[in-house]
Structures are given as structure tokens and as C-alpha cells.
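In case you want the letters, here they are:
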Amino acid sequence: MPVKLVVAMMMHETNTFSPLPTPIESFARLGALEGAVAIAEARGTNTPLGGFVDLAREVGAEFVVPMAANAHPSGLVTDAAFDQMTGAIVEAVAKGCDAVMLALHGAMVTQTFDDGEGELLRRIRAVAPDVPIAVALDFHTQMTEAMARGATVITGYRTYPHIDMAETSRRAGRTLLRALAGEVAPVIVWDSRPIMSSTLVHTPSREPMKSLMAMAAEAEETGAVLNASVFGGFPQSDIPHLSLSAVVVCDRRAADGELLLARILDRAWEHRAGFLFHPEPLAEQVARAKTLDGGPIVLADHGDNTASGGTQDVMSVIEEAMRQGLEDACAGPICDPGAVARMIAAGVGAEIDLDLGGKVDMPAMGLAAKPLRVSGRVRRITDGEFKVTGPMATGATIRMGRTAVLDTGKIEIVVSEHRSEPFDLGVFTHCGIDPTRKRYVLIKSRQHFRAGFEPIARHIVMCDGDGCTASDLSLFDYKNIRRPLYPFDPDMTLGRNDAAGQAGSRDAPEARADRP
Ligand SMILES: [Zn+2]
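Definitions and cut-offs
Residues numbered from 1 in each chain as written. Predicted model: local features only at pLDDT ≥ 70, side-chain atom pairs only at ≥ 80, totals over all residues. Heavy atoms only, no water. Helix = DSSP H or I, 4+ residues; strand = E, 2+ residues; numbered from the N terminus. Rg over C-alpha atoms; globule rule 2.2 N^0.38 Å. Buried < 20%, exposed > 50% of the residue type's maximum accessible area, 1.4 Å probe, protein only. Contact = heavy atoms within 4.5 Å. Areas by Shrake-Rupley, 256 points an atom, 1.4 Å probe, with all protein chains shown as cover. Lys, Arg positive; Asp, Glu negative; His and termini not counted. Charge placed at Lys NZ, Arg CZ, Asp CG, Glu CD. 1 Å grid on protein atoms, 1.4 Å probe; cavity = no way out; pocket = protein on both sides within 12 Å on 5 of 7 lines; lining within 4 Å. Points joined across faces, edges and corners; volume = space filled by probe spheres on them. Nonpolar A, V, L, I, M, F, W, Y, C, P; charged D, E, K, R; others polar. Donors = N, O, S within 2.8 Å, 3.2 Å for Na, K, Ca; no water. Tetrahedral: all angles 85-135°; square planar, octahedral: opposite > 155°, others 65-115°.

Some details on the overall build of the chain
The helix and strand tally for the chain stands at 15 helices and 19 strands. The C-alpha radius of gyration computed for the chain amounts to 22 Å, which stays within 12% of the reference 24 Å derived for 516 residues, consistent with globular compactness. In terms of principal-axis extent, the alpha carbons of the chain reach across some 65 × 55 × 45 Å. Counting only residues that meet the buried cut, the chain has 62% of its 516 residues in that class. Counting only contacts in the chain whose residues sit at least 6 apart along the sequence, the fraction spanning at least 24 positions is 75%. Split by element, the accessible area of the chain, about 18700 Å² in all, is 51% carbon and sulfur. Here the chain holds 51 positive side-chain charges and 66 negative ones, and the gap between their average locations is 2 Å.

Here we look at the layout of surface pockets
In this structure, the largest pocket occupies an estimated 840 Å³ of space. As for the largest pocket, its lining consists of 47 residues, of which L30, T47, N70, M165 and A393 are closest to the centre. The set of elements that each furnish at least two residues to the lining of the largest pocket consists of β1 (4-11), α2 (35-42), α3 (48-58), β3 (68-70) and β15 (397-399). Sort the elements by how many residues they give to the lining of the largest pocket and α2 lands first, with 4 residues. Tallied by class, the residues present in the lining of the largest pocket amount to 22 nonpolar, 17 polar and 8 charged.

With respect to the side chain of T306
Topologically, T306 is positioned in the loop between β10 (297-301) and α11 (316-323). If sequence neighbours within four positions are ignored, T306 has contacts with H72, P73, Q312, R419, S420 and E421.

Topic: empty space enclosed by the protein
Evaluated as defined, the whole model comprises 2 cavities of 30 Å³ or more. Lining the largest cavity are P21, S26, R29, L30, A71, H72, P73, S74, H418 and R419. A breakdown of the residues in the lining of the largest cavity according to their chemical character gives 4 nonpolar, 4 polar and 2 charged. When its volume is computed, the second largest cavity comes out at roughly 60 Å³. Residue lining of the second largest cavity: D301, V314, V317, I318, A331, G332, I334, L442, I443 and K444, and that is the complete set. Elements represented by at least two residues in the lining of the second largest cavity include exactly α11, β11 (329-335) and β18 (440-443). Among the elements that line the lining of the second largest cavity, the one with the most residues is β11, at 3 residues. A per-class count over the lining of the second largest cavity returns 7 nonpolar, 1 polar and 2 charged.

What to know about the coordination of the zinc ion
For a metal bound by four donors in a tetrahedral arrangement, the ideal donor-metal-donor angle is 109.5 degrees, while six donors in an octahedral arrangement ideally sit at 90 or 180 degrees. At the metal site, the zinc ion is ligated by D138 (OD), D138 (OD), H140 (ND1) and H162 (NE2), and these contacts range over 2.1 to 2.7 Å. Note that the zinc ion binds 4 donor atoms; their angles at the metal cover 52 to 145 degrees, and the shape is irregular.

Okay, here's the thing in C-alpha cells:
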């Protein structure tokens, strides 16, 4: 008898400061929501769902995909969307299966729940208390006790940009299959430290995260534990359980994992100053880019990046680049459906004046929408679809919506109907722009751009643009985070109240009366 699995994806990184709502339509935009079409889209791709689907096929499992939901980061997930997604998964599990494989993000906040993933697992456990569940998570997980209690196996990405999505699912899935075969008996232990690390400086490819991730990877690869993962957390979220955490899946003996957790997290605490970001004036950053030789010089605006919940329409960096006279440049994609419609109506070759971008107020950041007046010629119109060829989400289909290129004479600006993080050159090449031949490439991204653009960049200049994904934590008005928390309480010492269980227990399905 083949193993019978329920495989599902429910992924969203919620930026509670983002003004963008997250209804079910946001999840459907990145692909089919269920069934054979979802499976066909996921097969062979370097995505979390792709990893589980390919593994299930390889081992000859019988499986269904009742939900394949993945949305760009944005504001709170609506209750209706959350109920639809969890309802489909729970219904499939209730019909009976040997095990469940879930591709989750680990940072979902809904209108009602601080910990969407913990709540999903609680709902599954209500109908299937003992079914083994493998969970693959993003590196930016806000770990909670409810997730650790609800899952049988947990793994997380080890890279940022996330180029090991499929492998992360395979790691979790392989352990789960071994458990089903009776070879191992997984026990999850986890812990955290009260550190809010800046996403701009916590990539596992550099210190101080590098050594932490190496400890986890080594323990897993040598077989000392079944799986070990470190999570950086996601700072643009005003929730109590935000922290830097680690999760170890042990074979029967929790003590092995607890030792490893202490080693990893004590080192993180010791090197906490390395997780801080130090802001700089935007004008100085653009001026520095002008002094650099050759190209392409990639200017990465991390204040407004889609993959952290940005509106992708803040014009501050392009405005500064124009003010300082940068030319031979491409920029984008900027999300502005109205501007796209106007360019399409004008047609290729037409001269046009536009109030570009800056359509969305950001009340939580105290920022008002501010379009930029630009003039230029419409160079190209596309359907905004392309397949990823770079190392992140390889093979996945990107759908930017209808897309148009405005050429100001100095900058070619890609404008699209939907938001899309530029982690692959396709955002430019699919509309006839070769970024390798430009002196300046202006994109909105914090880290994921490195997957596609670092190999072509002669220089990279990080730009502190405006927006709800700013790296300067002093720009955010946190009301619900745990205190003390580093770096808000720089002189704090670790006390008993900082234990993981304490923070995690507060996630439990509590009503968010403080949220609109
Ligand atoms: Zn992430």
C-alpha cells in the first residue's frame, strides 16, 4: 500500500506595518490554489511545494494538494482567507491520511491570530491528533510553542536569498518518511533569544549568522540530530513572539537537541551587536554610487521591498537618482496599475507625462503617498509573465500583471500591475532590457536580489529609501513586542522571563482586539 499524504502550502510573511490588505486573491495571484494544476506548477521547481511534491512522487506516495497558497508579503491576512486556506487543508486531513507535509512561512499574522501557522496546526490536531506532520519554514519564521507542539518535524531555509526552498522541504519530508517507517521517533525542542535582528545583516552567508547556521547544519549532516534550523525572525511585525530562534528535531532523546540549542543561541546572544543595521542618508548613498567605476552598479532600495511587505511604489530612490543625474540606467519594477493602463492606452512609441508610483499612504510609518512626475516614451508593453532562470525559485512562473516600460532618456523604468520582488533578471529581460549592459540598475530589494543580480553587479550600493520595510527599526512604532528586547533595551541581561516557552505561550489564539 502506498503512503497516503496530504501536501499543502500556506505561505505569507505578514508585515503588520504594511498598508496592503491580504485577501485570498493575493494568494491566488502566484498560481493555482489547489489540485492537479497546482501540482503541475510546483513539479520540478525549487520551491517549498515543489520539494514536497517531487519527494512524494519519488517515493511513490499517493497524495493530494488541497491548498497551494502563496502570497507576496503584505499586511494582515483576512480572516476569510485564513479560514478558506485552513479549512481546505483540515478537510483533506479529516478524510484520512498517513501523514501531512506543509510548506508554511512561519510569520503569518491574521486579523485574529498572531501566529497563523500555530493556529493551522491546532486546527489540524483537532481532527487528527496523532497524524505525523512535517513542516518546512522560511528563515524569517517567528517561532512559537504552538508550532513546535503541533508539528512532528520542522526544518527551515538555511540561505538568504532563499535558494534552498525545495531542499528544506525534502529535509523535513525525509525525516517524516523515516518516522513513518519506524526508523526514527522525532522529538522537537526549540528555544529563542530576545533579539530583533535586522534582515539586512542576518543572512546565513555572513557572520554573525554564518557560524550559527553552520552549527545547525553540521549537527544535521553528521546525524547527531535529525534536523536543526536557525530562524532570524522578521522585524517588520509587531507581535509578542518576535525573536531569534532555533529548532532541533531529535531522535527520541531531547537532551541532544537542548545542548545544541544552547550552543547556537548563546553564541547569537554574545554576538547580538552584529545583527544591528546602521542607517545612512540616501543622498550620500546615491552620491557614492556616482563615484564608482564601470557597471552595472546595482542600487538596492531596501526600504520598499515586496518580499518584506513593501508597496513597491515608493519613488524616493528614483527621485534622488534623477536629482543627481544618473543615466544609462534601468529601474523597477514599480507597481502602479493606473500608470500601466495609461501607457498601454498611449501605445508603444508615445510620449507621455505620468505621476508615477506613490499611490499608497503608509499611516503606520507616518508616510503619505507621493507620486513622482516623470516624462518619457513608452518603449514596450508585455503581459508580465516569465519563468525564473536564476537560482531562487528556479522554474517558477512570475506573473507581474500587464507591464510597460517608460524610457525617460536616462532611465528605463519597468512599471507593472502587480508587485514582484526582483530576485531574477527576468523582471528586466522579459521586457527587452538587458541589465548587464546598463551602468546603473535600480531595484527594490533587501537580499533576494543577490540571487539574480549579485553575479552581474560590479558594485552594489544599498539605499535607505522610504517605505514600510525600512531597515532602521527606530522608524517603527512597536506596541506589542516583548520587552526587554535587544536592541530596544541595549543594556538588558537575560532573565528567566526570556525563556522561549514564555514568549511562545503568548501566541496562542488570542483575539487581536487592538487591531482594526
Ligand atoms: Zn524569508
